[in-house]
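Geometric and topological summary
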Amino acid sequence: GGQAAPSQFEENNLSEAKRVIAVLSGKGGVGKSLVTGALAIELARRGHTVGILDADITGPSIPKMLGMSGRRAHGLGKLLLPEISTTGIKVMSSNLLLEHETDPVLWRGPVIAGAIKQFWSDTSWGPIDYLLVDMPPGTGDVALTVFQSLPVDGIVVVTSPQDLVSMIVAKAVNMAEKMHVPILGLIENMSYVACPDCGKKIEVFGPSKLDAVADEYGLKVLGRLPIDPTLALACDAGALEEALPQDFLPDALAACEAVPA
Ligand code: ADP
């Protein structure tokens with residue numbers, strides 16, 4: 001990454017990520033992993049080499065949505081080798097290290113922090129254009145671990161209309177300022193439902209407050225996603241790479257591509 005003082009982070013000479021982008025949310029279940037997966041798929045479709053570091057250690061959902069259920073990452077001495085999806089996305093996730101995918105991850109805070117550090121320092125990512133980080137939910141100490149462990153170049157914040165959007169964005173802005181990492185912009189997931197008959201957009205949770213919040217902090221809105229059962233089904237079936245519509249989240253993609261390498 002292009003951060004000013006990379007020497008504070010552990011390096012391994014088998015990884016060279018040109019840009020590291022963290023996808024953050026205020027809480028779990030808002031679609032942070034879906035957005036991370038979708039951005040990775042779209043970047044890969046555009047010819048970039050992409051890795052996903054699944055830092056959501058206790059709720060890892062990246063391997064499943066990319067059809068890697070049941071697969072195990074291999075080690076080479078101290079080194080971890082990422083698993084590679086059908087379209088070439090490299091993934092490291094706690095899910096790929098468990099004996100059974102349904103095993104709960106009951107690790108305590110320091111162990112989780114250690115795992116995230118290792119996913120950066122001990123994984124052989126190779127030379128990649130983008131490393132996307134599926135952040136642990138929230139803006140607490142586990143999220144902080146990520147910013148202290150790897151050289152994040154930009155943050156994408158995912159919100160949903162049920163969220164206390166202004167509070168979550170305020171916390172994200174605070175964290176980003178402390179860590180000297182720019183926020184690339186906001187994505188609202190589950191924004192609306194499109195009527196299957198007439199296409200009318202129904203704002204199930206009431207009118208979105210996102211634009212007002214974005215204005216308040218001088219942030220960009222990078223996209224709004226509807227509640228779309230086909231996306232949920234595709235994630236469940238491990239077929240997001242095949243099912244993701246072309247040109248998904250174009251503004252978010254442009255923001256990622258605008259991050260200097
Ligand atoms: P998070 O990473 O924030 O915990 P996920 O991305 O894992 O959230 O999403 C939670 C669940 O909601 C998943 O089952 C996912 O497939 C589903 N989901 C997320 N976004 C949408 C959407 N826009 N439409 C339909 N289902 C969605």
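Computed from a predicted structure; not experimentally measured.

**Some details on the site of the ligand**
The local shell around the ligand holds 19 residues, among which Gly31, Lys32, Ser33, Leu34 and Ala232 are the closest. When its residues are assigned to classes, the shell around the ligand shows nine nonpolar, eight polar and two charged.

**Focus: the nonpolar core**
Core analysis: the largest hydrophobic core is formed by 72 residues, its most contacted members being Leu39, Leu132, Val133, Val146, Ile155 and Val156. Counting residues per element, this core draws most heavily on helix α1 (residues 32–45), which supplies seven residues. Every residue in contact with Val133, bar those within four places of it in the chain, is listed here: Val20, Ile21, Ala22, Val23, Leu53, Ala55, Val146 and Val152.

**Notes on the pairing of strand β1 (residues 15–25)**
Most of β1 sits out of view: eight of its eleven residues are buried. By the bridge criterion, five bridges tie β1 to strand β8 (residues 154–159) in an arrangement that is parallel. Paired with Ser25 across the bridge in β8 is Val158.

**Quick word on the UniProt feature "binding site: ATP" (unreviewed entry) in the protein chain**
The positions UniProt marks with the feature "binding site: ATP" (unreviewed entry) are Gly26, Lys27, Gly28, Gly29, Val30, Gly31, Lys32 and Ser33. C-beta crowding within 10 Å serves as the criterion here: with 15 such atoms nearby, Lys27 is assigned to the partly exposed category. Not counting residues up to four positions away in its chain, the partners in contact with Lys27 are Pro137 and Gly138. On the secondary structure map, Lys32 appears in helix α1. Given 28 C-beta atoms within 10 Å, Lys32 falls into the buried group.

**Examining the sheet that holds strand β12 (residues 221–224)**
Read across the sheet, eight strands follow the order β5-β6-β2-β7-β1-β8-β9-β12 without closing on themselves; strand pairing throughout is mixed. Either end of the sheet is taken by a strand with one partner, and the two such strands are β5 (83–84) and β12. Where strand β9 (residues 183–188) lies against β12, three bridges are found, and the strand directions are parallel. Each bridged residue has a counterpart across the sheet, and for Ile187 the counterpart in β12 is Gly223. With respect to the sheet, α1 is in contact with β1, β2 (50–54), β7 (126–134), β8 and β9, its orientation differing from that of β7 by roughly 155°.

**Here's the deal with the environment of Pro82**
Tracing the backbone shows Pro82 in the loop between β4 (79–81) and β5. Classification of Pro82 by C-beta neighbours within 10 Å gives buried; the count is 23. Setting aside anything within four residues of it in sequence, one finds Pro82 in contact with Gly51, Ala73, Lys90, Val91, Met92, Thr123 and Trp125.

**Concerning the pairing of strand β6 (residues 90–93)**
Here β6 shows no split at all, with Lys90 and Met92 on one side and Val91 and Ser93 on the other all buried. As paired elements, β5 and β6 share two bridges and run antiparallel to each other. Bridge pairing in β6 links Glu83 to Val91. Once β5 ends, the chain turns through five residues before running back antiparallel as β6, passing Gly88 with a positive phi of about 95°.

**Thoughts on the packing of α1 against helix α9 (residues 250–257)**
Where α1 meets α9, the closest approach of the two axes is 10 Å, and the angle between their N-to-C directions is 70°. With respect to α9, the element α1 is oriented roughly perpendicular. Considering only the axes of α1 and α9, their crossing is right-handed. Taken together, the residues of α9 that come into contact with α1 (itself represented by Leu39, Glu42 and Leu43) are Ala252, Leu253 and Cys256.

What counts and how
Residues numbered from 1 in each chain as written. Predicted model: local features only at pLDDT ≥ 70, side-chain atom pairs only at ≥ 80, totals over all residues. Near = placed C-beta within 6 Å. Nonpolar A, V, L, I, M, F, W, Y, C, P; charged D, E, K, R; others polar. Core = buried A, V, L, I, M, F, W, Y, C linked by C-beta atoms within 7 Å. Buried ≥ 20, exposed ≤ 12 C-beta atoms within 10 Å, placed from the backbone. Helix = DSSP H or I, 4+ residues; strand = E, 2+ residues; numbered from the N terminus. Contact = placed C-beta atoms within 7 Å. Pairing = 2+ DSSP bridges. UniProt positions renumbered as here; feature names shortened; annotations may be inferred. Axes fitted to C-alpha atoms, helices over the stretch in contact; angles between N-to-C directions. Parallel < 35°, antiparallel > 145°, perpendicular 65-115°, else oblique. Left-handed = near helix turned anticlockwise from the far one by under 90°.

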